[in-house]
Amino acid sequence: MQVTLARSYRCTYDPRDGYGQTIQTEDGALPSIQLKAADAVDARRKAEGVTGCVVTDVERLDEVAA
């Protein structure tokens, strides 16, 4: 059995309306969601499933050692 450690990722996505059209934000910044996943591909899949939107960027958030 293989044990996979979950890591934190921030996924930025294009918000869509009920018709699938891109919604423009006032400040131009795209929204993001933070979640735990095994890797970047898994994070993208999970974020697209949760938001129902196309993910444009996946960033791994590393723990900061003190």
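Residues numbered from 1 in each chain as written. Predicted model: local features only at pLDDT ≥ 70, side-chain atom pairs only at ≥ 80, totals over all residues. Heavy atoms only, no water.

1. Describing the overall build of the chain
Thought 1: Per the secondary structure count, the chain includes one helix and three strands.
Thought 2: Along the chain, helices and strands appear, N-terminal first, in the series β-β-α-β.
Thought 3: Buried positions account for 24% of the 66 residues belonging to the chain.
Thought 4: In the chain, 59% of the contacts between residues at least 6 apart in sequence involve partners at least 24 apart.
Thought 5: Accessible surface, the chain as shown: approximately 5,100 Å² in total, 49% of it carbon and sulfur. (Helix = DSSP H or I, 4+ residues; strand = E, 2+ residues; numbered from the N terminus. Buried < 20%, exposed > 50% of the residue type's maximum accessible area, 1.4 Å probe, protein only. Contact = heavy atoms within 4.5 Å. Areas by Shrake-Rupley, 256 points an atom, 1.4 Å probe, with all protein chains shown as cover.)

2. Some thoughts on helix α1 (residues 40–51)
Thought 1: With 12 residues, α1 should cover 16 Å at 1.5 Å per step; its first-to-last C-alpha distance of 16 Å lies within 8% of that length.
Thought 2: Where α1 is concerned, the buried positions are D42, A43 and A47. Angularly, the buried residues of α1 cover 130° about the axis, an arc narrow enough to put them on a single face. Facing away from the buried side of α1, by more than 90 degrees, are the exposed residues R45 and G49. (Expected span 1.5 Å × (residues − 1). Arc of directions from axis to C-beta.)

3. Thoughts on the environment of V50
Thought 1: Locating V50 in the fold gives a position in helix α1.
Thought 2: Accessibility expressed as a relative area gives 60% for V50, which makes it exposed.
Thought 3: In this structure the C-alpha to C-alpha distance between V50 and I33, which are 17 residues apart in sequence, comes to 9.1 Å.

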